[in-house]
Amino acid sequence: MKPLPPKGTRDYLPAQIRTRAGVIETVKRVFESFGYAPLETPALERLDVLTGKYGDEADQLIFRILKRGAAGERGEADLGLRYDLTVPLARVMAANQDLPKPFKRYQIQPVWRAERPQKGRFREFVQCDVDCVGTASVLADAEMVAVMHETLAALGFKNYRISVNHRKILSAFMDYAGVPAELKFAAIRAMDKLDKVGRDGVEAELAASDVPEPAADEIMNVLFDPKNSGRFNYYLTAAQAFAGDYDEGREGVADMHNLAEYVHHFGVPDDVVSFDLHMARGLDYYTGPIYEAFVVEGGVGSVAGGGRYDQLIAQLGGPDLPATGTSFGLERIITLLADRETAGGDAANVLVAVYDKSVLQDALEVAAEIRAAGATCEVYLEPSAKLAKQFGYADAKGIPFVVVVGPDEVAKGVVQLKDLAKREQVEVPRADLAAVVANILGRT
RNA sequence: GUGGGCGUAGCUCAGCUGGUGAGAGCGCCAGACUGUGGAUCUGGAGGUCGGGGGUUCAAAUCCCCUCGCCCACCCCA
């Protein structure tokens, strides 16, 4: 029996925190550069706020909090841990209607899902959301794609793609193919698996559902029309073929034309964005353009995903505000980054080695002087330990400098300063300590 | 929720179809080096073989249950 954290959650050790903090800093910088401001909300939300927004399956994955205290109420849940950051934002918008629009915020906090853990999947994980509320302009959607691109680029990724599609086009597509309304979702989900299971897989999936065979054939015909090449051209040609007959389809195609143009003007390279007719995204609340980013050969699914959700805020009792946003998965970014060089750097600058208890007071004073000079510094906490052990500790932990305080030094009013990497040791008068530390910091 | 794999010292693992006292490497501790680190050498500590039950003269090794981890499905960051 090992004292492991609960299934699907993890402890974050110092070096991991440093890595995560570095990623968060980069993500924040990009978000802020587009004019987004921070927001935080509670981990807990009322259950009626959370449920009915994501879809039936996802509702099952919400962690529910049992009532406490009141007799007879045990077993009932009225609160849950937030499942994502979009619904909490929508609630905030419904509650704070005086915020200037468009309201642009980012939010970096953990969310919880009662899923079975897997590679790149946890029960507690941090999402980095950016959202723009209060404008229906496709320009806002284009900005989301641009933010995705800039963020992934800033993180140092080279080989990534952003897939874009439109819920209205998907809906029109299903109508055109003759899919009954109640089976639209199943058919769309089958298509969404294309990248994973391939053409035959989608065909099998459609066959296994109750989608009528002619409708399934029509879906496959459109998806794999050999006349077209190049995903963007393909997309627009295919979409136009059926869109004209449906209001939704026409709106969607018009949006996508604008989106393509805007994204280009945002400076996103054309080969990064692809318009994928099969890409669907699972959450119920999306209503317009949807986007998903993944790193090629990443093996952890998408690193970011999002879309337009024009009805969600009204659904929560707020005003009829259009909104769009996207979310990055911090743990997936970390997983993908893990293959790369990630320097440690979680050690203090200086270790003060204490010769014995008789000089403890002096050692503590020296340490305080070093900290006052601006360096991070720790004192070895067992004053009776051999110096060899204290040096070994500094070495193992990666502390670059050791200051030795012993009886001889105290008598002379000096300390020994050793540079472990260079194996050089110099005697430094206590009075000069601040200057020497400043010099050290200047070099590191 | 469904399917599969795995659980042996702090870590990574070896232990063939059940059979003499449960191992290796790394790490840790101590000493060689009585005020100074990463090398080497020597010695040492540390394991109810995840837990419970069963089969057997005998089980880490076979069977059942259970817990945990991992992978895949579902869905998703």
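All of these numbers come straight from a predicted model, not from anything done at the bench. (Residues numbered from 1 in each chain as written. Chains lettered and ligands numbered in written order. Predicted model: local features only at pLDDT ≥ 70, side-chain atom pairs only at ≥ 80, totals over all residues. Heavy atoms only, no water.)

S.K.: Describe the protein's contact with RNA strand B, and please don't skip the residues or the numbers.
M.R.: Taken together, the neighbourhood of RNA strand B is formed by 41 residues, with Arg121, Arg189, Gly282, Asp408 and Arg423 sitting nearest. Of all RNA strand B atoms lying within 4 Å of any protein atom, the proportion belonging to sugar or phosphate reaches 50%. In the environment of RNA strand B, a base nitrogen lies 3.2 Å from a nitrogen or oxygen atom belonging to the backbone of phenylalanine 122. Lysine 418 is positioned with one of its side-chain polar atoms (N or O) 3.2 Å from a base nitrogen of RNA strand B. Looking at the surface near RNA strand B, the elements with two or more residues in it are strand E6 (124-133), strand E10 (304-308), helix H15 (387-397) and helix H16 (407-412). Ranked by residues supplied to the surface near RNA strand B, first place goes to H15 with six residues. (Near = heavy atom within 4 Å. Polar contact = N/O pair within 3.5 Å; in protein donor to acceptor, adjacent residues only side chain to side chain. Helix = DSSP H or I, 4+ residues; strand = E, 2+ residues; numbered from the N terminus.)

S.K.: So, the sheet that holds strand E5 (residues 103-112): which residues are in play, and what are the values?
M.R.: Taken together, eight strands build an open sheet; the order of strands is E1-E5-E6-E11-E10-E9-E7-E8 and the sheet is mixed. The open sheet has two free edges, formed respectively by strand E1 (37-38) and strand E8 (273-275), since each of these has just one partner strand. Note that E6 and strand E11 (residues 323-329) share seven bridges and pair antiparallel. Counted as the bridge partner of cysteine 132 is threonine 324 from E11. Lying on the sheet, helix H10 (residues 231-243) is in contact with strand E7 (160-166) and E8; it crosses E8 at an angle near 30°. Together, E6, strand E9 (289-295) and E11 form the strand contacts of helix H13 (residues 330-337), whose direction differs from that of E11 by roughly 40°. (Pairing = 2+ DSSP bridges. Contact = heavy atoms within 4.5 Å. Axes fitted to C-alpha atoms, helices over the stretch in contact; angles between N-to-C directions.)

S.K.: Please give an account of the pairing of E11 that cites residues and values.
M.R.: For a regular strand, side chains alternate in direction, first toward one face of the sheet and then toward the other. For E11, the buried fraction is high: seven of the seven residues fall into the buried class. Of the two faces of E11, the one carrying Ala323, Gly325, Ser327 and Gly329 and the one carrying Thr324, Thr326 and Phe328 are both buried. Across five bridges, E10 lies against E11 in antiparallel orientation. From the neighbouring strand, alanine 304 faces E11, where its bridge partner is phenylalanine 328. (Buried < 20%, exposed > 50% of the residue type's maximum accessible area, 1.4 Å probe, protein only.)

S.K.: So what's going on with the domain arrangement of chain A? Which residues, and what values?
M.R.: Domain boundaries in chain A define domain 1 (14-337) and domain 2 (350-440). On a C-alpha basis, the centres of domain 1 and domain 2 stand 54 Å from each other. (Domains from an automatic or database assignment.)

S.K.: Mind laying out the packing of helix H1 (residues 14-33) against H13, listing which residues take part and the relevant values?
M.R.: Between H1 and H13, the least distance of the axes is 11 Å, while the angle of their chain directions is 110°. When the axes of H1 and H13 are compared, the pair comes out roughly perpendicular. Crossing handedness for the pair H1 and H13: right-handed. Here Thr19, Arg20, Val23 and Ile24 of H1 lie close against H13, whose contacting residues are Leu330, Glu331, Ile333, Ile334 and Leu337. Residue classes in the contact of H1 with H13 are distributed as six nonpolar, one polar and two charged. (Parallel < 35°, antiparallel > 145°, perpendicular 65-115°, else oblique. Left-handed = near helix turned anticlockwise from the far one by under 90°. Nonpolar A, V, L, I, M, F, W, Y, C, P; charged D, E, K, R; others polar.)

S.K.: I'd like to hear about empty space enclosed by the protein, residue by residue, with values.
M.R.: Applying the stated criterion to the full structure yields one cavity of 30 Å³ or more. Counted as a void, the largest cavity has a volume near 40 Å³. Forming the boundary of the largest cavity are Val350, Ile370, Val403, Val415, Leu417, Leu433, Val436, Val437 and Ile440. For the lining of the largest cavity, the element with the most residues is helix H17 (residues 433-443), which contributes four residues. Taken together, the residues of the lining of the largest cavity break down into nine nonpolar, no polar and no charged. (1 Å grid on protein atoms, 1.4 Å probe; cavity = no way out; pocket = protein on both sides within 12 Å on 5 of 7 lines; lining within 4 Å. Points joined across faces, edges and corners; volume = space filled by probe spheres on them.)

S.K.: Outline the sheet that holds strand E3 (residues 64-66), listing residues and values.
M.R.: Taken in spatial order, the three strands of this open sheet run E2-E4-E3, and their pairing is antiparallel. Both outer strands of the open sheet, strand E2 (44-46) and E3, are each paired with one neighbouring strand and no more. Averaged over all pairs of adjacent strands, the angle between strand axes in this sheet comes to 45°, irrespective of strand direction. Here three bridges tie E2 to strand E4 (residues 77-81), and the two strands are oriented antiparallel to one another. Looking at E4, one finds that glutamate 45 is bridged to glycine 80.

S.K.: Hey, could you go over the packing of helix H6 (residues 167-177) against H10 for me, with residue numbers and the actual values?
M.R.: Interhelical geometry of H6 versus H10 gives an angle of 55° and a closest axis separation of 9 Å. If you check the angle between H6 and H10, you find them oblique. The two elements H6 and H10 meet at a crossing, and its hand is left-handed. Each of Ile169, Ala172, Phe173 and Tyr176 in H6 lies in contact with H10, whose residues at this interface are Tyr235, Ala239, Ala241 and Phe242. Classifying every residue of the contact of H6 with H10 gives eight nonpolar, no polar and no charged.

S.K.: Just give me the short version of helix H7 (residues 184-192), but keep the residues and values in it.
M.R.: When we look at burial in H7, the residues that qualify are Lys184, Ala187, Ile188, Ala190 and Met191. End-on view of H7: buried residues confined to an arc of 155°, all on one side of the axis. Elements that come into contact with the buried residues of H7 comprise H6, helix H8 (194-208) and helix H9 (213-223). (Arc of directions from axis to C-beta.)

S.K.: Run through H9, naming residues and quoting values.
M.R.: Burial in H9 covers these residues: Ala215, Ala216, Ile219, Met220, Val222 and Leu223. For H9, the angular spread of buried residues about the axis comes to 165°, placing them on one side. When the buried face of H9 is taken as reference, the exposed residues oriented beyond 90 degrees from it are Glu213 and Pro214.

S.K.: So what about the packing of aromatic side chains? Which residues, and what values?
M.R.: Scanning the model with the defined rule gives ten aromatic pairs in all. For the pair phenylalanine 31 and tyrosine 106, a centre-to-centre distance of 5.8 Å together with 55° between the ring planes defines the contact as tilted. Of this pair, phenylalanine 31 sits in helix H1 while tyrosine 106 sits in strand E5, placing them 75 residues apart in sequence. On the basis of relative accessible area, tyrosine 106 is assigned to the buried category, the value being 4%. Aromatic ring contacts, followed pair by pair, group Tyr54, Tyr83, Tyr285, Tyr286 and Tyr309 into a single cluster. (Phe/Tyr/Trp six-rings, centres within 6.5 Å; stacked < 30°, edge-to-face > 60°.)

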